[in-house]
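# Architecture at a glance
Residues per chain are reported as follows:
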Amino acid sequence: AFVADAYWLILDQLTGARPHTYDLRYHLPAAALDAVDVASIEHGWLVSAPGLALVVLGEVAPRIEPGWVAPEYGVKHSAPVVSVRVEDVHDAQFVTLLAPHADGKAPPRVAPDWHEDGWTAMVASGGVRDTVEWHRHDATVGIADVRGAGRAAWSRVRGKQVEAAAVAGSSRWRSWSATAGRASG
């Protein structure tokens, strides 16, 4: 999901009838060559590259591997590849947050909460806290006066004030913002 025009929150769920090797790969630009750091953080790993914070939730440490990009036909540049690999498993689940990130600023903090019917992620950055919910089946989702039956919801809180919220029902999104009031889409 592209959340609040600010970051991507990606859930990859892979299943197999027999054991597999699953390798989640993110190709970075050539400008990131020799400029990528991997650090352990609460709930996972932070991959920092110029202009990018890539947060990988879970215990598997990302590796930086050599790769390349082709900005145009016949032109190849060396570039790093972020690899998160699990081996000899039937099922794998990867959760990744990708966000623009300025040098010297704190990266987004992500706290997952898994439950029987899906999961909730709290994302905190720059004085705001987003809550993103996913459910496998319709459930009552959302906050404040933006609640409804659906499988996904998002809300943004700054300080103690709800700034915006949205709920995805079976066929449409309902949203609300502190500046515009309730809107349907």
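Owing to the predicted nature of the structure, the values given are computational and were not obtained by experimental measurement. (Residues numbered from 1 in each chain as written. Predicted model: local features only at pLDDT ≥ 70, side-chain atom pairs only at ≥ 80, totals over all residues. Heavy atoms only, no water.)

### Considerations on the overall build of the protein chain
- Along its length, the protein chain carries zero helices and 14 strands.
- In the protein chain, the succession of helices and strands from N to C terminus is β-β-β-β-β-β-β-β-β-β-β-β-β-β.
- Going through the 185 residues of the protein chain one by one, you find that 38% of them count as buried.
- Taken as a whole, the protein chain presents about 10700 Å² of accessible surface, with 53% of it coming from carbon and sulfur. (Helix = DSSP H or I, 4+ residues; strand = E, 2+ residues; numbered from the N terminus. Buried < 20%, exposed > 50% of the residue type's maximum accessible area, 1.4 Å probe, protein only. Areas by Shrake-Rupley, 256 points an atom, 1.4 Å probe, with all protein chains shown as cover.)

### Concerning the nonpolar core
- Membership of the largest hydrophobic core comes to 18 residues, with the highest contact counts inside it found for Y7, L9 and L97.
- Looking at this core, the elements that each hand over two or more residues are strand 2 (7-27), strand 5 (51-57), strand 7 (75-101), strand 9 (118-125) and strand 12 (161-168).
- Apart from the residues lying within four places of it in its own chain, the contact partners of L97 are Y7, W8, L9, A53, L54, V55, P108, V110 and V123.
- Y22, V36, V84 and A92 belong to the second-largest nonpolar core, a separate cluster that totals 17 residues. (Core = buried A, V, L, I, M, F, W, Y, C linked by side-chain atoms within 4.5 Å. Contact = heavy atoms within 4.5 Å.)

### Description of the side chain of D117
- Take D117: it is sitting in the loop between strand 8 (109-115) and strand 9.
- Buried charge without a partner: D117 forms no salt bridge, and the closest opposite charge is R136, 5.1 Å away.
- A distance of 3.5 Å separates a polar atom in the side chain of D117 from a polar atom in the side chain of H135.
- Ignoring anything within four residues of it in the chain, the contact list for D117 reads W134, H135, R136, H137 and A139. (Lys, Arg positive; Asp, Glu negative; His and termini not counted. Salt bridge = Lys/Arg side-chain N within 4 Å of Asp/Glu carboxyl O. Polar contact = N/O pair within 3.5 Å; in protein donor to acceptor, adjacent residues only side chain to side chain.)

### With respect to unusual backbone geometry
- Even without glycine at this site, D5 takes up a positive phi of about 55 degrees.
- Within the secondary structure, D5 is located in the loop between strand 1 (2-3) and strand 2.
- The exposed category is assigned to D5, whose relative accessible area is 69%.
- Look at D88: it is not a glycine, yet its phi comes out positive at around 60 degrees.
- You can see D88 is positioned in strand 7.
- Here D88 falls in the exposed class, since its relative accessible area comes to 61%.

### Thoughts on the packing of aromatic side chains
- Using the criterion set out here, one finds three aromatic pairs in the structure.
- Considering the side-chain rings of F2 and W8, the 4.9 Å spacing of their centres and the 40 degrees angle between planes classify their relative orientation as tilted.
- Judged by its relative accessible area of 43%, W8 falls in the partly exposed class.
- Considering the side-chain rings of W119 and W134, the 4.8 Å spacing of their centres and the 25 degrees angle between planes classify their relative orientation as stacked. With a gap of 15 residues between them, W119 in strand 9 and W134 in strand 10 (residues 128-143) connect regions that are remote in the sequence.
- W119 sits in the buried class, given a relative accessible area of 1%.
- Cluster of aromatic residues (ring-pair linked, three or more members): W114, W119 and W134. (Phe/Tyr/Trp six-rings, centres within 6.5 Å; stacked < 30°, edge-to-face > 60°.)

### A short note on the pairing of strand 2
- Across two bridges, strand 1 lies against strand 2 in antiparallel orientation. From the neighbouring strand, F2 faces strand 2, where its bridge partner is W8.
- Linking two consecutive strands that pair antiparallel, namely strand 1 and strand 2, is a turn of three residues; a positive phi of about 55 degrees is found at A4 within it. (Pairing = 2+ DSSP bridges.)

### With respect to the pattern of salt bridges
- The final tally for this structure, using the stated rule, is seven salt bridges.
- With a closest N to O distance of 3.2 Å, D23 and R25 form a salt bridge.
- For D23, a relative accessible area of 28% puts it in the partly exposed group.
- With relative accessibility at 35%, the residue R25 sits in the partly exposed group.
- A salt bridge links D23 to R85; its shortest N-O distance comes to 3.6 Å. Of the two residues, D23 sits in strand 2 while R85 sits in strand 7, which places them 62 residues apart along the sequence.
- Residue classification places R85 among the partly exposed residues on the basis of a relative accessible area of 34%.

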